[in-house]
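Structural characterization, general
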Amino acid sequence: MLLYIYLIAITAEAMSGALAAGRRNMDLFGVSLIAFLTALGGGTVRDVMLGNFPIGWTQHPPYIYLTISAGLTTILLARIMHHLHRFFLLLDAMGLIAFTIIGCNVAQGLDYSLPIVVMSGITTGIFGGILRDVLCNRTPQVLRHELYASVSLLVALLYLLLRDLGISENINMLASFVVGLSIRLAAIRWHWSLPVFSYSPERWRS
Amino acid sequence: MLLYIYLIAITAEAMSGALAAGRRNMDLFGVSLIAFLTALGGGTVRDVMLGNFPIGWTQHPPYIYLTISAGLTTILLARIMHHLHRFFLLLDAMGLIAFTIIGCNVAQGLDYSLPIVVMSGITTGIFGGILRDVLCNRTPQVLRHELYASVSLLVALLYLLLRDLGISENINMLASFVVGLSIRLAAIRWHWSLPVFSYSPERWRS
Amino acid sequence: MLLYIYLIAITAEAMSGALAAGRRNMDLFGVSLIAFLTALGGGTVRDVMLGNFPIGWTQHPPYIYLTISAGLTTILLARIMHHLHRFFLLLDAMGLIAFTIIGCNVAQGLDYSLPIVVMSGITTGIFGGILRDVLCNRTPQVLRHELYASVSLLVALLYLLLRDLGISENINMLASFVVGLSIRLAAIRWHWSLPVFSYSPERWRS
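Residues numbered from 1 in each chain as written. Chains lettered and ligands numbered in written order. Predicted model: local features only at pLDDT ≥ 70, side-chain atom pairs only at ≥ 80, totals over all residues. Heavy atoms only, no water.

Residue and element names in this part refer to chain B. Taken N-terminus to C-terminus, the directions of helix H1 (residues 2–23) and helix H3 (residues 61–77) make an angle of 45°; their axes are 8 Å apart at the nearest point. Judged by the angle between their axes, H1 and H3 are oblique. In this structure, H1 crosses over H3, and the sense of that crossing is right-handed. In this structure, H1 uses Leu-3, Tyr-6, Leu-7, Ile-10, Thr-11, Ala-14, Met-15, Ala-18 and Leu-19 to contact H3, whose residues at the interface are Tyr-63, Leu-66, Thr-67, Ala-70, Gly-71, Thr-74 and Leu-77. (Axes fitted to C-alpha atoms, helices over the stretch in contact; angles between N-to-C directions. Helix = DSSP H or I, 4+ residues; strand = E, 2+ residues; numbered from the N terminus. Parallel < 35°, antiparallel > 145°, perpendicular 65-115°, else oblique. Left-handed = near helix turned anticlockwise from the far one by under 90°. Contact = heavy atoms within 4.5 Å.)

The next thing to look at is the UniProt feature "domain: Glycine transporter" (unreviewed entry) in chain A. Residues and elements named next belong to chain A. Look at the UniProt record and you will see "domain: Glycine transporter" (unreviewed entry) annotated at residues 4–78 and 90–163. The span residues 4–78 is 80% helical and 0% strand by assignment, and the distance between its end C-alpha atoms comes to 25 Å. The span residues 90–163 carries 77% helix and 0% strand; its end-to-end C-alpha distance comes to 25 Å. (UniProt positions renumbered as here; feature names shortened; annotations may be inferred.)

Every contact between the two is made by 35 residues of chain B and, on the other side, 42 residues of chain C. Buried surface at the junction of chain B and chain C, summed over both partners, amounts to about 3,400 Å²; 68% is from carbon and sulfur atoms. Along the contact surface separating chain B from chain C lie five residue pairs in polar contact (both at pLDDT 80 or more). For the side of chain B that touches chain C, the leading source of residues is helix H5 (residues 114–135) of chain B, giving eight residues. Partitioned by chemical class, the residues of the side of chain B that touches chain C number 23 nonpolar, eight polar and four charged. (Buried area = accessible area lost by both parts, 1.4 Å probe. Polar contact = N/O pair within 3.5 Å; in protein donor to acceptor, adjacent residues only side chain to side chain. Nonpolar A, V, L, I, M, F, W, Y, C, P; charged D, E, K, R; others polar.)

For the pair chain B and chain C, the superposition axis carries a translation of 0.0 Å, the fit reaches an RMSD of 0.0 Å, and the rotation angle comes to 120°. This pairing of chains is accounted for by a three-fold axis. Mapped onto chain C, only 17% of the interface residues of chain B again fall at the interface, so the copies present different surfaces. (Least-squares fit on C-alpha atoms with pLDDT ≥ 70 in both.)

Expressed as a screw operation, the relation of chain C to chain A combines 0.0 Å of axial shift with a rotation of 120°, fitting to an RMSD of 0.0 Å. By residue overlap, the copies meet through two different surfaces: only 17% of the interface positions of chain C are interface positions in chain A.

This paragraph deals with helix H2 (residues 28–50) of chain B. Residues and elements named next belong to chain B. Between its first and last C-alpha atoms H2 spans 32 Å; for 23 residues at 1.5 Å apiece the expected length is 33 Å, and the two agree. A large share of H2 lies buried, amounting to 21 of its 23 residues. Near the N-terminus of H2, the side chain that reaches the backbone nitrogen of Phe-29, with its oxygen 3.0 Å away, is that of Asp-27. Following H2 by one or two positions, Gly-51 has its phi on the positive side, about 65°. (Expected span 1.5 Å × (residues − 1). Buried < 20%, exposed > 50% of the residue type's maximum accessible area, 1.4 Å probe, protein only.)

All right, on to the packing of helix H4 (residues 85–109) of chain C against helix H7 (residues 169–190) of chain C then. Residues and elements named next belong to chain C. Between H4 and H7, the shortest axis-to-axis distance is 10 Å and the interhelical angle comes to 135°. Overall, the two elements H4 and H7 adopt an arrangement that is oblique. Handedness of the H4/H7 crossing: right-handed. On H7, the residues that touch Leu-89, Leu-90, Asp-92, Ala-93, Met-94, Ile-97, Ala-98, Ile-101 and Asn-105 of H4 are Glu-169, Met-173, Ser-176, Phe-177, Gly-180, Leu-181, Arg-184, Leu-185 and Ile-188. Tallied by class, the residues present in the contact of H4 with H7 amount to twelve nonpolar, three polar and three charged.

All names here are of chain A. Counted according to the given criterion, the structure contains 18 aromatic pairs over all chains. Here the aromatic rings of Phe-36 and Trp-57 are separated by 4.9 Å at their centres, their planes lie at 90°, and the arrangement is edge-to-face. In this pair, Phe-36 sits in helix H2 (residues 28–50) while Trp-57 sits in the loop between H2 and helix H3 (61–77), placing the two residues 21 residues apart along the sequence. For Phe-36, a relative accessible area of 6% corresponds to the buried category. For Trp-57, a relative accessible area of 6% translates into the label buried. (Phe/Tyr/Trp six-rings, centres within 6.5 Å; stacked < 30°, edge-to-face > 60°.)

Let us now look at unusual backbone geometry. Note on backbone geometry: most residues besides glycine have negative phi, and most peptide bonds are trans. Backbone torsion omega between Phe53(B) and Pro54(B) reads -5°, so that peptide bond is classified as cis. When you line up the elements, Pro54(B) lands in the loop between H2 and H3. Phi is positive for His191(A), close to 55°, though the residue is something other than glycine. If you trace the backbone, His191(A) turns up in the segment after helix H7 (169–190). We classify His191(A) as exposed; its relative accessible area is 58%. One non-glycine residue, Asn25(C), lies in the positive phi region at around 55°. Examined against the element boundaries, Asn25(C) turns out to sit in the loop between helix H1 (2–23) and helix H2 (28–50). Classification of Asn25(C) by relative accessible area gives partly exposed; the value is 36%.

Here you go:
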């Protein structure tokens, strides 16, 4: 079940990467690379951070093909993409939650302590988008808009709490998705966001 | 002793990260992430470069809490931050030197050769600031202003030379701090900098 | 033979890094760092991606000195650099091919599967340039101009195919260089490029 959601998630992330590449007028190779990195970059950063080699996708080439195909297909769909906007945000939110749960599980399997397990979940959830934005030369969006990274944090905490309480894995995942999706979609609907820190000094340098 | 300076250093670096995030109008999560990465990113890049797993901070969660707290506290202090400007530059300089010495020691403990030991020191010293600037979408400051990275290089060389000469660790660290701080603060005071390479071709591409 | 081409390649890449640093008015330290990362960053990203520690250049300090020297020498040559433009593109193309072949061999030596071997070749070929552009705060050039990353992909496929067919290593490398250089130089001469995906939505966010 989580695997299916994961496949949907990396597809959705790859498409968001392709669109960002398109805004920078990248060629087909650039679109493929950004799609791949947006989808699988979060897990890559997580595996490097945890010293978890070989890195996940290197053992599953089909994930590579899937993300690159999704990226290239996005080019064909570009004109109708804005009609799919809401559907897309839903897929993206599902992906965020799936990535977070997977990231927690990977770190826990390696016996890392709780704070690192949480950070592993969040890293898996948001770093694909951060890599996408760094490579497309823009300030990371996930750190500025409606609740996104915070949803990842919340889902990680909830998931680990329920597991600790002995809740069965299936019910736990269901709860994580219901709560995570609700908050994320409500945040989009009513523009919930964390307070923003705006700093514009005259004299501060460095 | 070096531990205390290290704690001061990651606090100061986290605060500089938070201010950079504030200039990009990031939310609380973004401020926390940039604060964390500015403070602990240099050591992370060093550990990955040296294949030194598990990465340092994953074994010391309190460092994570400290840097995130420092980042969030910075928001409250933002208005008075420019009054603390000089004090801050002092802390930052101490951090640069502490990071450099720690980085040298980590690589030496892994039996890397001298040039890699020096690069490990510099990487620990400056890569937090480089990650901060890349994520905040600006050209890395540490490579453009008053002597900064060069101070890290100099401290690394001095520290390793004195150790080779059999000077006791305490005196060696004292000497590294005195020389490093003097040069860095003098560089700030009198605007010492390395020559700059300005290249603006008409015809060169790539 | 491949070693000599490799040395020429990292020299050429270091010089291209130095010029990019010069456009951002970096100081001597920045020029050295960007030169180093442009030349050896592709191999570094590859080794981290493959979990191949210790990272190549940490065992060969002369490569570090060579790339930094090449970077600093570029400053002296800056005025005549545009006269060398064509020669430089040739060196850069040779470097791309050498990097690609080396990258394939490293992954194959670690028993990775074919798709990862190809990705290892491309990563070695293009990621130095990507790191250079990210640190110099511009959109990666290799993903936007005349066939470049695609040449790396093609060379990787050809090289692995010929090896599979039992062609001797020397002839295989010769073929890879002849085909790779021809395509790359033809692409520069006649402005061959992959189709570009340009996406400029009104309503799409993230």
